[in-house]
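# Observations on the three-dimensional arrangement
One-letter residues, chain by chain:
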Amino acid sequence: MKFFDFHTHVFPDELAERALAKLACGAHIQPFTDGTLSGTAKYLSSEGVDNFLTLHIATNPRQQTNVNNFAISVQNSGVCGAFGSVHPQAPDALDEIQRIHAAGLKGIKLHPEYQEFNLDDKAVYPIYELCRDLNLIVLFHAGVDIAFMNSLRAPIAAIKNIASDIKGLTFIAAHLGGFMLADEVENALAGKADIYLDTSYSAGFVAPHTAEKIIQKHGAANILFGSDCPWGSPAAHIRFIDSLKISAREKEQIFYKNAERLLQN
C-alpha cells in the first residue's frame with residue numbers, strides 16, 4: 001500500500017522554530033516535527049508516507065507574496081508538492097492566484113479563522129471563481145479550530161453553500177469535513193455536497209463508526225488521506241483508516257489513488 005499525505009505544513013528553515021512555538025502555544029498542542037521541509041520529509045518517511053503535499057497560509061495580506069514564494073520553492077524542490085495561499089483582503093489576491101497558477105502549483109489553502117473571513121462570504125467568491133477557471137483546487141479549514149474555540153467561520157451550512165454556488169471547482173474540506181463536527185458532517189454534509197473531505201486531525205477525534213458512515217455516505221472516491229503533520233501523526237492516521245470496516249479498494253482510494261488523480265489533472 002502507498003500513502004500520500006495531502007495535508008501537511010512546513011515553514012522556512014529560519015522561521016520554523018519560532019512559527020511552531022507560536023502555533024503550539026495558541027492551540028496548546030505539541031508538534032511532531034521541527035517544521036522544516038527536510039525534517040518533515042524525514043519524519044514522514046519514517047511514518048511510512050511515500051509522498052506528501054504541503055499547505056501554506058497567508059495569515060495577513062502583507063504575507064501573501066512571501067508565503068507563495070516559499071510555496072513555489074517547496075514545489076520546485078522536488079521533495080513534495082505545495083499549495084499556495086491568498087488572503088481574501090489582499091487587493092492583489094486575484095493577481096496572486098494567476099501567479100500561483102503560472103508557477104505550476106495545483107491549488108491554494110484558505111483558513112477562515114486565521115484569515116478572518118466567513119467561508120461563504122460573497123466577497124470571497126471571485127477567488128473561488130478564478131480558481132475554478134484556472135483548474136486550481138481550493139482546500140480550506142473546516143469546522144472548529146482549537147485556537148479559536150469561540151469562533152466558527154466554516155460551519156457545515158457554509159460548506160454546503162459554496163459547493164452549491166460555485167459549480168465546477170474542486171473544493172476540499174479539511175478535518176473530515178468539519179473538526180469537532182463529525183456527527184453533523186455525517187448527517188448534513190456527507191453525500192449532500194460536491195466536495196472532497198480530507199482526514200486530517202481525525203484520528204483520536206472521530207469515532208470509527210462515525211468515520212465509516214461518513215465514508216459510506218460520501219463515497220471513498222471523495223476522501224483524501226491527510227494527517228495535519230506536524231500537528232497530527234501520519235502513522236496514527238494510517239492506523240485509524242486501516243482499522244475502519246471499509247474495503248481494501250476503498251482504503252487504496254483514500255490512501256493515495258484519489259490524491260494522485262486530483263494532482264494529475
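Preceding this paragraph is the structure being described.
This write-up is about the structure you can find in this document. (Residues numbered from 1 in each chain as written. Predicted model: local features only at pLDDT ≥ 70, side-chain atom pairs only at ≥ 80, totals over all residues. Heavy atoms only, no water.)

One way to see where empty space is left: roll a probe the size of a water molecule over the atoms. Quantified by volume, the largest pocket comes out at close to 1,100 Å³. Contributions of two or more residues to the lining of the largest pocket are made by helix 1 (13-27) and helix 3 (64-77). The greatest single-element share of the lining of the largest pocket, amounting to seven residues, is contributed by helix 1. Along the lines of polarity and charge, the residues of the lining of the largest pocket split into 19 nonpolar, 11 polar and five charged. A volume near 220 Å³ is recorded for the second largest pocket. Around the second largest pocket, the lining is made up of 16 residues, and of these Asn135, Ile137, Thr170, Leu262 and Asn265 lie nearest the centre. Grouping the amino acids of the lining of the second largest pocket by side-chain chemistry returns nine nonpolar, five polar and two charged. (1 Å grid on protein atoms, 1.4 Å probe; cavity = no way out; pocket = protein on both sides within 12 Å on 5 of 7 lines; lining within 4 Å. Points joined across faces, edges and corners; volume = space filled by probe spheres on them. Helix = DSSP H or I, 4+ residues; strand = E, 2+ residues; numbered from the N terminus. Nonpolar A, V, L, I, M, F, W, Y, C, P; charged D, E, K, R; others polar.)

This brings us to the state of the cysteines. Here, disulfide denotes a covalent bond that connects the sulfur atoms of two cysteines. Counted under the stated rule, the structure contains zero disulfides. Cys80 supplies the cysteine sulfur nearest to Cys229, a cysteine that is in no disulfide, at a spacing of 11 Å. Since its relative accessible area comes to 0%, Cys229 is described here as buried. (Disulfide = S-S within 2.5 Å. Buried < 20%, exposed > 50% of the residue type's maximum accessible area, 1.4 Å probe, protein only.)

Our next topic: the packing of helix 8 (residues 182-189) against helix 9 (residues 208-218). Helix 9 packs onto helix 8 with a crossing angle of 25° between their chain directions and a minimal axis gap of 9 Å. Comparing their axes, helix 9 and helix 8 come out roughly parallel. Between helix 8 and helix 9 the crossing geometry is left-handed. Residue-level inspection shows Ala182, Asp183, Val185, Glu186, Asn187 and Leu189 of helix 8 in contact with helix 9, the latter providing Thr210, Lys213, Ile214, Lys217 and His218. Counted by class, the contact of helix 8 with helix 9 contains four nonpolar, three polar and four charged residues. (Axes fitted to C-alpha atoms, helices over the stretch in contact; angles between N-to-C directions. Parallel < 35°, antiparallel > 145°, perpendicular 65-115°, else oblique. Left-handed = near helix turned anticlockwise from the far one by under 90°. Contact = heavy atoms within 4.5 Å.)

On their own, these measurements won't tell you what the molecule is for.
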